[in-house]
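Listed below are the residues making up each chain.
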Amino acid sequence: MSSSDVTVVLAHGAWADGSSWAKVIGSLAAESIKVVAAPLPLTSFNDDVAALERALARVTGPVVLAGHAYAGAVIGATRNANVGALVYVAALAPDQGETVADVFYRTEPHPQAPKLAPDDHGLIYLPEAAFAAAFAQHATAAEQTLLAAVQRPISTACITVAVDRPLWKDRPSWFLVAEEDRMIVPETQRFMATRMKARARSHQVDHAPIVTASGVVVEIIRDAMHDLAT
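Residues numbered from 1 in each chain as written. Predicted model: local features only at pLDDT ≥ 70, side-chain atom pairs only at ≥ 80, totals over all residues. Heavy atoms only, no water.

Student: Please explain the side chain of Asp95 as it appears in this structure.
Tutor: Mapped onto the secondary structure, Asp95 falls in the loop between strand S4 (83-89) and helix H4 (100-104). By relative accessible area, which is 15% here, Asp95 ends up buried. Sequence-distant contacts of Asp95, that is, excluding residues within four places in its chain, are made with Val163, Pro166, Trp168, Lys169 and Arg195. (Helix = DSSP H or I, 4+ residues; strand = E, 2+ residues; numbered from the N terminus. Buried < 20%, exposed > 50% of the residue type's maximum accessible area, 1.4 Å probe, protein only. Contact = heavy atoms within 4.5 Å.)

Student: Help me understand the pattern of salt bridges in this model?
Tutor: Pairing is possible between side chains of opposite charge, provided their charged atoms come close. Going through the model one piece at a time under the given rule, you end up with nine salt bridges. Across the pair Arg195 and Glu98 runs a salt bridge whose closest N-O atoms are separated by 3.0 Å. Note that Arg195 is positioned in helix H7 (residues 186-196) and Glu98 in the loop between S4 and H4, a separation of 97 residues in sequence. The exposure class of Arg195 is partly exposed, given its relative accessible area of 22%. Between Arg165 and Asp170 there is a salt bridge; the shortest N-O distance is 2.8 Å. Overall, Arg165 belongs to the partly exposed group, its relative accessible area being 39%. Residues joined by salt bridges that share partners form a network here, namely Arg201, Glu219 and Asp223. (Salt bridge = Lys/Arg side-chain N within 4 Å of Asp/Glu carboxyl O.)

Student: Looking at this structure, I do not really get the packing of helix H1 (residues 22-30) against helix H9 (residues 214-229). What am I missing?
Tutor: When two helices pack together, their arrangement is given by the angle between their axes and by how far apart the axes lie. Interaxial distance between H1 and H9 falls to 9 Å at its minimum, and their mutual angle equals 50°. For the element pair H1 / H9, the angle class is oblique. Regarding H1 and H9, the two cross each other, and that crossing is right-handed. Residue-level contacts link Lys23, Val24, Ser27 and Leu28 of H1 to Ser214, Val217, Val218 and Ile221 of H9. Class assignment of the residues belonging to the contact of H1 with H9 gives a composition of five nonpolar, two polar and one charged. (Axes fitted to C-alpha atoms, helices over the stretch in contact; angles between N-to-C directions. Parallel < 35°, antiparallel > 145°, perpendicular 65-115°, else oblique. Left-handed = near helix turned anticlockwise from the far one by under 90°. Nonpolar A, V, L, I, M, F, W, Y, C, P; charged D, E, K, R; others polar.)

Student: How should I be thinking about the environment of Val150 in this particular structure?
Tutor: Note on placement: Val150 falls in helix H6 (residues 141-150). Residue classification places Val150 among the partly exposed positions, given a relative accessible area of 32%. Placed 127 residues apart in sequence, Val150 and Lys23 show a C-alpha to C-alpha distance of 16 Å. In this structure Val150 touches Asp17 and Ser19, once residues within four positions along its chain are discounted.

Student: Before we go on, may I ask you to explain the side chain of His12 in this structure?
Tutor: Positionally, His12 belongs in the loop between strand S1 (7-11) and H1. Classification of His12 as buried rests on a relative accessible area of 1%. Engagement of the side chain of His12 in a polar contact is seen with the backbone oxygen of Ala16, the distance being 3.3 Å. Separated by 3.0 Å, the side chain of His12 and the backbone nitrogen of Leu40 make a polar contact. Residues contacting His12, with those up to four places away along its chain left out, are Asp17, Gly18, Ser20, Trp21, Ala38, Pro39, Leu40, Leu42, His68, Ala71 and Arg152. (Polar contact = N/O pair within 3.5 Å; in protein donor to acceptor, adjacent residues only side chain to side chain.)

Student: I keep staring at the sheet that holds S4 and nothing clicks. Help me out?
Tutor: The pairing of strands in a sheet comes from backbone hydrogen bonds and takes either a parallel or an antiparallel form. Pairing is parallel across the open sheet formed by six strands, whose spatial order is S2-S1-S3-S4-S7-S8. If you trace the sheet from one side to the other, it starts and ends with strand S2 (34-38) and strand S8 (199-203), each paired once. Ignoring strand direction, the axes of neighbouring strands in this sheet form an average angle of 20°. Relative to strand S3 (residues 63-68), S1 is paired through five bridges, and the arrangement is parallel. Note on S3: the bridge partner recorded for Leu10 is Ala66. Running over the sheet, H9 touches S1, S3, S4, strand S7 (173-178) and S8 and is turned about 165° from S7. (Pairing = 2+ DSSP bridges.)

Following this line, the structure appears as structure tokens:
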């Protein structure tokens, strides 16, 4: 098998959509790497897993599956046999019996992290100011404005469901620890990466390296592809 046989499937996190992976997609496509961005509705954890499964069903051959932030939990829930490697980008990785909220709130939040609360519809929006303060503080003002404008709220039903045995127990995994993350504190990321026995790399990046440090993300995806192809 060669890396040209591998498809990269990307899953976005909360308060984002597939366009958040635009720079990563562009870099991979420039190398003639097949890439698909799975659209997650963020309406419930089960809805998101089902949406990912539908995206994976459209892909033939081996897959490197990457998830950003909340989507780390989602990629761990797939049972698609083609998935050969997992890449966690500043992501959440609950273990069996845990919820996303359990790992997200396991430590004190960063002082600049926004206070999050659901609206009358059970949806959690990120305050506009939080994109510059905590979500992507290294992004340009234009990028922060775009992220705020296209944000997709996340339902409380996404973060309160206990997960089954995660796929990272059965597949090799890589983990990008974002040392300047103000949404998911680095201590929590290191805890999860160690527990997963992931191949972890730490970089001085914010919570959204897929936007602000896409080259670092692409490098890790390439390494996972190379390992899967050999």
